[in-house]
Amino acid sequence: MDKQVDTKKYYIKTFGCQMNVYDSNRIANILNTLGYEEAPTPKAADLIIFNTCHIREKAAEKVFSDLGRIYLIKQERALEGKDTIIGVAGCVVQAEDEQIAKRAPFVDFATGPLTYHRLPEILAKVYRKRGQSIIDTEFPAESKFDFLPENKSTGGCSFLAIQEGCNNFCTYCVVPYTRGIETSRPVEQVLNEAKRLVSTGSVEINLLGQNVNSYHGEDASGKERNLAYLLRKLAELDGLKRIRYTTSYPADMTDDLIACHHNLDKLMPYLHLPVQSGSDKILKAMNRRHTRDDYLRVIEKLYLANPNLRMSSDFIVGFPGETDEDFKQTLDIVNQVKYIQAFSFKYSKRAGTPAAIMPNQVEEKVKKERLDILQDLLFSYQEKFNLSSVGKTMPVLFEHKGRHSGQLIGRTPYMQNVHVEIAKEFLNKIVDIKITSATVNSLTGELAETNPKAS
Ligand code: SAH
Ligand code: SF4
Ligand code: F3S
């Protein structure tokens, strides 16, 4: 039989954070070993998987509305005599398995973020029991990482999950319920995966975890090691040029981790360290294990370790009980730290979390006003930093083709996007680029005249 006709195709749509992007790649690894190939569109796919996010109401609702559209595709394909399997993975599954069965009964299977290594069995069951949906949302005893096929680089820059889950229980957050309690992968397993990523083309690795700096994986002798140890080991890998880690919790920025920002040249001078609010009263109500001063002290130490380091953060406005005065303190911390990038959100009530039933919920109108004010301020610092890059020469790792032909898009050490007219051979390489112009969102540049170096 013609092989073309035989090969099954998959399409994965990813919602949410970088951990979900990583998980989607690992799901693709599994499907590849089962003989599936990637489809360019959902319409061309025999298997469509949504890897979902539950962090805010909007994120979760989007999953359900997009699922409705996918059902239409399934029906269109059925008219052409083609079968389509629809699966849901990720954090919505863990939190709302019953809702999925109710609101999207056409879903064939659902698997949580910790159980997708069982996909081969789940798919086999789906084919055996067509028409019946299969849901796997257990918090399994085994680690999925022991069962996944080998990971491969996804380009010059790859994600590598080293830690998963969270024990912090911030009162607004669903993550401890969707990703479970904190677990760390063993040191050797991480190093082996990093070596494979480098040998298949990665020059940059971004270590991921919901609370990445609380990493405490075992080494070969069974001794627990921290993130600083892991970073030092990774920095020894030939061929690996850039290391990042995200997302960190302020109270877990230990002195030896901070020292890595002084000692390790491969560690990029950019750190995402969410503060959420500048008000001690709100931080306490959020159950954050740090005060505003604790946070500022960590940043002071980081700047001492590496004066070139720049920060980014996450903010929530309109947490229950937030007054104008509390909000002013958030603006004040932005003015102190001068973040070069940031994500900011209106507080979103999540069922089952303590903040959802706190008194003094903030009106939607006020949340919106505060978000606008905060974002204007954040953008002003982001723009200022981008403009200050003009005229400088920076090493840029090219990650994608641009919209125009002959254009590539890459990233500076500070995660700024740079658009350059440059030969496509430079894709996945680090190249010195002279920055010629800047906007609030991105930079433009050209190959630096002096000694352009590709690595
Ligand atoms: N583990 C990371 C972030 C996880 S979620 C950390 O602790 O920093 C990413 C961001 O989403 C959070 O930093 C927070 O700013 C935001 N977020 C989480 N729950 C939210 C909610 N209920 N409403 C609004 N924003 C929320
Ligand atoms: Fe959520 Fe807080 Fe854990 Fe981050 S630290 S994942 S915000 S509970
Ligand atoms: Fe969303 Fe789950 Fe990530 S809730 S932000 S996909 S950990």
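Description of the structure in this document.

## Remarks on helix H2 (residues 18-33)
Working step 1: Here H2 spans 23 Å end to end across 16 residues, near enough to the 22 Å set by a 1.5 Å rise per residue.
Working step 2: Phi turns positive one or two residues past the end of H2, at Gly35, with a value near 95 degrees.

## A closer look at the site of ligand 1
Working step 1: Taken together, 15 residues surround ligand 1, and among them Tyr172, Gln210, Gln276, Asp314 and Ser348 come closest.
Working step 2: Side-chain polar atom of Gln276 to an oxygen atom of ligand 1: 2.7 Å apart, as the coordinates give it.
Working step 3: Protein contacts shield 88% of the accessible area of ligand 1, which totals 540 Å² for the unbound molecule.
Working step 4: Listed by contribution, the elements that provide at least two residues to the shell around ligand 1 are strand S13 (310-317) and strand S14 (341-346).
Working step 5: For the shell around ligand 1, the residue count by class is six nonpolar, four polar and five charged.

## Regarding helix H9 (residues 255-263)
Working step 1: Burial in H9 covers these residues: Leu257, Ile258, Cys260 and His261. The buried residues of H9 occupy an angular sector of 140 degrees when the element is viewed end-on, so they sit on one face. Those residues of H9 that are exposed and angled more than 90 degrees off the buried face are Asp255, His262 and Asn263.
Working step 2: The elements touched by buried residues of H9 are helix H8 (227-235), strand S11 (242-246), strand S12 (270-272) and helix H11 (292-305).

## As for the sheet that holds strand S7 (residues 157-161)
Working step 1: Taken in spatial order, the three strands of this open sheet run S7-S10-S11, and their pairing is parallel. Where the open sheet ends on each side, the last strands, each with one partner, are S7 and S11. Each adjacent strand pair in this sheet contributes to an overall mean axis angle of 20 degrees, direction not counted.
Working step 2: In the sheet, S7 pairs with strand S10 (residues 204-208) via five bridges, with the strands oriented parallel. Looking at S10, one finds that Leu160 is bridged to Leu207.
Working step 3: Contacts from H8 reach S10 and S11 within the one sheet, and its direction differs from that of S11 by about 160 degrees.

## Some points on the pattern of salt bridges
Working step 1: Per the stated rule, a full pass over the model turns up 33 salt bridges.
Working step 2: Across the pair Asp332 and Arg292 runs a salt bridge whose closest N-O atoms are separated by 2.4 Å. Taken as a pair, Asp332 in helix H12 (residues 324-337) and Arg292 in helix H11 lie far apart in primary sequence, 40 residues in all.
Working step 3: Take Asp332: its relative accessible area is 35%, and that puts it in the partly exposed class.
Working step 4: Given a relative accessible area of 12%, Arg292 falls into the buried group.
Working step 5: A single network of salt bridges, built from pairs that share partners, joins Lys13, Lys62, Asp66 and Arg69.

## Topic: the pairing of strand S15 (residues 393-401)
Note on strand geometry: in a regular strand, side chains alternate between the two faces of the sheet.
Working step 1: Sheet topology note: the S15/strand S18 (residues 430-438) ladder contains five bridges and is antiparallel. Bridging from a neighbouring strand, Pro395 pairs with Asp432 of S18.
Working step 2: Bridge analysis of S15 against strand S16 (residues 407-411) gives four bridges, and the strand direction is antiparallel. Looking across to S16, one finds that Phe398 is bridged to Gly410.
Working step 3: The antiparallel pairing of S15 with S16 creates a hairpin that spans five residues between the two strands, and Gly406 there sits at a positive phi of about 85 degrees.

## Here we look at the site of ligand 2
Working step 1: With respect to spatial proximity, the complete set of residues near ligand 2 consists of Cys166, Asn168, Phe169, Cys170, Tyr172, Cys173, Val175, Pro176, Tyr249 and Arg288.
Working step 2: Classifying every residue of the shell around ligand 2 gives eight nonpolar, one polar and one charged.

## Quick word on the packing of H11 against H12
Working step 1: At a minimum axis distance of 12 Å, the contact between H11 and H12 shows a crossing angle of 10 degrees. On the basis of their axis angle, the class for H11 and H12 is roughly parallel. Contacts from Arg292, Tyr295, Leu296, Ile299 and Tyr303 of H11 reach H12 at Gln329, Asp332, Ile333, Gln336 and Val337.

## Quick notes on the packing of helix H3 (residues 57-79) against helix H4 (residues 91-103)
Working step 1: Between H3 and H4, the shortest axis-to-axis distance is 12 Å and the interhelical angle comes to 40 degrees. Crossing of H3 against H4: the hand is right-handed. When H3 is examined against H4, the residues Ala60, Glu61, Val63 and Phe64 are found in contact with a partner set consisting of Val92, Glu96, Gln99, Ile100 and Arg103.

## Describing the side chain of Asn386
Working step 1: Relative to the helices and strands, Asn386 is located in helix H13 (residues 364-388).
Working step 2: Assessed through its relative accessible area of 3%, Asn386 is described here as buried.
Working step 3: Separated by 2.9 Å, the side chain of Asn386 and the backbone oxygen of Val440 make a polar contact.
Working step 4: Asn386 has contacts with Gln416, Ala438, Thr439, Val440, Asn441, Ser442 and Leu443, leaving out every residue within four places of it along the chain.

## Regarding the packing of aromatic side chains
Working step 1: Counted according to the given criterion, the structure contains seven aromatic pairs.
Working step 2: Residues Phe15 and Phe50 carry aromatic rings whose centres are separated by 5.4 Å and whose planes lie at 55 degrees to one another, so their mutual orientation is tilted. Pair noted here: Phe15 is in the loop between strand S1 (9-14) and H2 and Phe50 is in strand S3 (residues 47-52), with a separation of 35 residues, a long-range link.
Working step 3: Assessed through its relative accessible area of 9%, Phe15 is described here as buried.
Working step 4: For Phe50, a relative accessible area of 2% corresponds to the buried category.
Working step 5: Geometrically, the ring pair formed by Phe385 and Tyr414 is edge-to-face, given 5.2 Å between the ring centres and 75 degrees between the ring planes.

So, how was this worked out
Residues numbered from 1 in each chain as written. Chains lettered and ligands numbered in written order. Predicted model: local features only at pLDDT ≥ 70, side-chain atom pairs only at ≥ 80, totals over all residues. Heavy atoms only, no water. Helix = DSSP H or I, 4+ residues; strand = E, 2+ residues; numbered from the N terminus. Expected span 1.5 Å × (residues − 1). Near = heavy atom within 4 Å. Polar contact = N/O pair within 3.5 Å; in protein donor to acceptor, adjacent residues only side chain to side chain. Areas by Shrake-Rupley, 256 points an atom, 1.4 Å probe, with all protein chains shown as cover. Nonpolar A, V, L, I, M, F, W, Y, C, P; charged D, E, K, R; others polar. Buried < 20%, exposed > 50% of the residue type's maximum accessible area, 1.4 Å probe, protein only. Arc of directions from axis to C-beta. Contact = heavy atoms within 4.5 Å. Pairing = 2+ DSSP bridges. Axes fitted to C-alpha atoms, helices over the stretch in contact; angles between N-to-C directions. Salt bridge = Lys/Arg side-chain N within 4 Å of Asp/Glu carboxyl O. Parallel < 35°, antiparallel > 145°, perpendicular 65-115°, else oblique. Left-handed = near helix turned anticlockwise from the far one by under 90°. Phe/Tyr/Trp six-rings, centres within 6.5 Å; stacked < 30°, edge-to-face > 60°.

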